[in-house]
Amino acid sequence: MDELKEPWVLGNGSFGLMAEATTDELLNDATEWLQYAKALTELLGEIVGDSDILDRRRLMLTLGAVDVLTDIGMRCAMQAHARVQWDKVDGGR
């Protein structure tokens, strides 16, 4: 199966939101992704603080992972916010 044709994958494997996800699902996903990013950031802080010798390549990859997790969480939150706003406008008809 070609992953790039799945509805939740965009471009070079970047995360895309599923169109049928509810606002609650999006907010739950945002919370989960941001918790992963927070935990990874805390772990990195401990490792960097305790280590005299750092593997820069692995550190950069891990920082990239934090960036991706945060980006996914923010996308979910922004999409949920947009849906709430749209429901307010659409509900007024």
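Small disclaimer: the values here were computed from a predicted structure and weren't measured. (Residues numbered from 1 in each chain as written. Predicted model: local features only at pLDDT ≥ 70, side-chain atom pairs only at ≥ 80, totals over all residues. Heavy atoms only, no water.)

A word on helix α2 (residues 56–91). With 36 residues, α2 extends 52 Å between its outermost C-alpha atoms, agreeing within 8% with the 52 Å of an ideal straight helix rising 1.5 Å per residue. V66, L69, I72, G73, C76, A80 and R83 are the residues of α2 that are buried. (Helix = DSSP H or I, 4+ residues; strand = E, 2+ residues; numbered from the N terminus. Expected span 1.5 Å × (residues − 1). Buried < 20%, exposed > 50% of the residue type's maximum accessible area, 1.4 Å probe, protein only.)

Per the stated rule, a full pass over the model turns up 2 salt bridges. The partner of D71 in a salt bridge is R75, and the shortest N-O contact between them spans 3.1 Å. Taken together, the positions of D71 and R75, both in helix α2 and 4 residues apart, correspond to about one turn of that helix. (Salt bridge = Lys/Arg side-chain N within 4 Å of Asp/Glu carboxyl O.)

This paragraph deals with the environment of D24. With respect to the helices, strands and loops of the structure, D24 is situated in helix α1 (residues 23–50). By relative accessible area, which is 56% here, D24 ends up exposed. On a C-alpha basis, the gap between D24 and A80 in space is 7.6 Å, while along the polypeptide they are 56 residues apart.

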